[in-house]
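Remarks on the overall topology
Below, each chain spelled out in residue letters.
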Amino acid sequence: MPRTLRWVLMLLPFALWGTAMAAMKPLLGGASPAMLASLRLLPAGVVLLLAARLLGRSWRVDPVDWPWLLLFAAVDGSLFQGLLARGLGQTGAGLGSVLIDSQPLLVALLARTLFGEAINPVGWLGLLIGLLGILCLGLPGEVLRHWWLQGPPALQGQAWSHGEAWMLGAAAAMALGTVLCRYATRRSDPVAITGWHMLLGGVPLLLVAGGEALLRPETVSFWPHWSPLEWGLMAYAALLGSALAYGLFFWFASSGDLTGFTALTFLTPVFAVLCGVLLLDERLGPLQWLGAALALLSVLLINQRGRIWQAGGRTELVPP
């Protein structure tokens, strides 16, 4: 694959995720979080399996990979998407984005422990700069300027809510799911495994949505009450923000430098902000420009950490 095309495909999932969350948030007014999550996963899983067949890839899951696939589906499918959808309706877009996009730090720790990926001081510096960048992009300037002085009043009277807890849990689930993907694709095709994990992960969410509708029929409706435009947003989140984005993400995550690739998550809020500038005629403030610059710098440092460290006269230490 040409290097330029590879980089475009690597960046595409994060560009799609930058707008998919914005598309999903207004849909929670007409559907339960569990139903929203299942409608994001189930159609995407079908599309990915059809795409795998059209590409000549095998649907077969090796018997050795089945236990890992079931765990992958439970953690990254059911748990992650369920927590994300529930947290999306209870938290602001800014802080929620910061929490969900912090998962490269968790992935780096897991990759270092399980796969022995070398993360030298340059890499750790890049991860911290990336986290600072998404803070600048995701949080209002008033919060960053006055939180340490004013505490909860700077966060509109609430320092922490259930929504932020859901989003932090979703970030942990996605980080663990990213690592589990490697175990589930040892002998099976990554595209097919991603499709199967979406189908298997979406079924429990659909059952949860049905149970909620039976237990609370006066407040929870099983089938969404959406306008044609809202169904279009759902289609975008499922087909582009899930099928295409997750298919590419787990294809790249199944091999290569896991820490460097997942560090591109720091660019997700950058793409979201740029989308607002191009489509909604929004303007970036100095703090957001700083956040975008820090996010780009972090990706550069993390992906070039080996070369930078060696250029400084150090030798990369790779654990046995």
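Residues numbered from 1 in each chain as written. Predicted model: local features only at pLDDT ≥ 70, side-chain atom pairs only at ≥ 80, totals over all residues. Heavy atoms only, no water.

Topic: the side chain of Ser 32
Within the secondary structure, Ser 32 is located in the loop between α1 (3-24) and α2 (33-54). Judged by its relative accessible area of 8%, Ser 32 falls in the buried class. Among residues more than four places away in sequence, those in contact with Ser 32 are Ala 209, Glu 212 and Val 220. (Helix = DSSP H or I, 4+ residues; strand = E, 2+ residues; numbered from the N terminus. Buried < 20%, exposed > 50% of the residue type's maximum accessible area, 1.4 Å probe, protein only. Contact = heavy atoms within 4.5 Å.)

A short note on the nonpolar core
Of all hydrophobic cores here, the largest spans 51 residues; its most connected members are Phe 72, Phe 80, Phe 249 and Phe 261. For this core, the leading source of residues is helix α8 (residues 162-184), giving eleven residues. With residues near it in sequence (within four places) discarded, Phe 80 still touches Val 75, Ile 100, Ala 170, Ala 173, Met 174 and Tyr 246. Judged by nonpolar contacts, the second largest core, of 14 residues, contains Leu 27, Ala 34, Leu 88 and Ala 209. (Core = buried A, V, L, I, M, F, W, Y, C linked by side-chain atoms within 4.5 Å.)

Observations regarding a nonpolar patch on the surface
A contiguous nonpolar patch, built from Val 47, Leu 239, Leu 240 and Leu 244 and spanning about 280 Å² of accessible area, is present on the exposed surface. The greatest single-element share of the nonpolar patch, amounting to three residues, is contributed by helix α10 (residues 228-253). Tracing the backbone shows Leu 240 in helix α10. Given the relative accessible area of 35%, Leu 240 is considered partly exposed. (Patch = residues over 30% accessible without salt bridge, like charges linked within 9 Å, V, L, I, M, F, W, Y side chains within 5 Å. Areas by Shrake-Rupley, 256 points an atom, 1.4 Å probe, with all protein chains shown as cover. Salt bridge = Lys/Arg side-chain N within 4 Å of Asp/Glu carboxyl O.)

Topic: the packing of α2 against α10
Close contact between α2 and α10 brings their axes to 8 Å; oriented N to C, the two are set at 55°. By the criterion of interaxial angle, the relationship of α2 to α10 is oblique. In this structure, α2 meets α10 at a crossing whose hand is right-handed. Facing α2, whose interface residues are Leu 36, Leu 39, Arg 40, Pro 43, Ala 44, Val 47 and Leu 48, α10 presents Trp 231, Met 234, Ala 237, Ala 238, Leu 239, Gly 241, Ser 242, Ala 243, Tyr 246 and Gly 247. (Axes fitted to C-alpha atoms, helices over the stretch in contact; angles between N-to-C directions. Parallel < 35°, antiparallel > 145°, perpendicular 65-115°, else oblique. Left-handed = near helix turned anticlockwise from the far one by under 90°.)

Notes on the packing of α1 against α10
One can describe the packing of α1 onto α10 by two numbers: an axis separation of 8 Å at closest approach and a directional angle of 145°. Where α1 crosses over α10, the handedness of that crossing is left-handed. Contact with α1, carried on its side by Arg 6, Leu 9, Met 10, Leu 12, Pro 13, Phe 14, Leu 16, Trp 17, Thr 19, Ala 20, Ala 23 and Met 24, involves Leu 233, Tyr 236, Ala 237, Leu 240, Gly 241, Leu 244, Ala 245, Tyr 246, Leu 248, Phe 249 and Phe 252 of α10 and no other residues of that element. The class makeup of the residues in the contact of α1 with α10 is 20 nonpolar, two polar and one charged. (Nonpolar A, V, L, I, M, F, W, Y, C, P; charged D, E, K, R; others polar.)

So, the pattern of salt bridges
Taken as a whole, this structure holds three salt bridges when the rule is applied. Between Asp 189 and Arg 57 there is a salt bridge, with its nearest N and O atoms 2.4 Å apart. With Asp 189 in the loop between α8 and α9 (190-215) and Arg 57 in the loop between α2 and α3 (66-88), this residue pair connects regions lying 132 residues apart in the sequence. The residue Arg 60 makes a salt bridge to Asp 62 at a minimum N-O spacing of 3.9 Å. Accessibility expressed as a relative area gives 13% for Asp 62, which makes it buried.

Description of the environment of Ala 213
Here Ala 213 is to be found in helix α9. As a C-alpha pair, Ala 213 and Ser 32 span 181 residues in sequence and 8.9 Å in three-dimensional space. Ala 213 has contacts with Val 220, Ser 221 and Phe 222, leaving out every residue within four places of it along the chain.

Quick look at the side chain of Thr 178
With respect to the helices and strands, Thr 178 occurs in helix α8. Take Thr 178: its relative accessible area is 0%, and that puts it in the buried class. Each residue touching Thr 178, except ones within four places of it in the same chain, is listed here: Gln 103, Val 107, Phe 249, Phe 250, Ala 253, Leu 258 and Thr 262.

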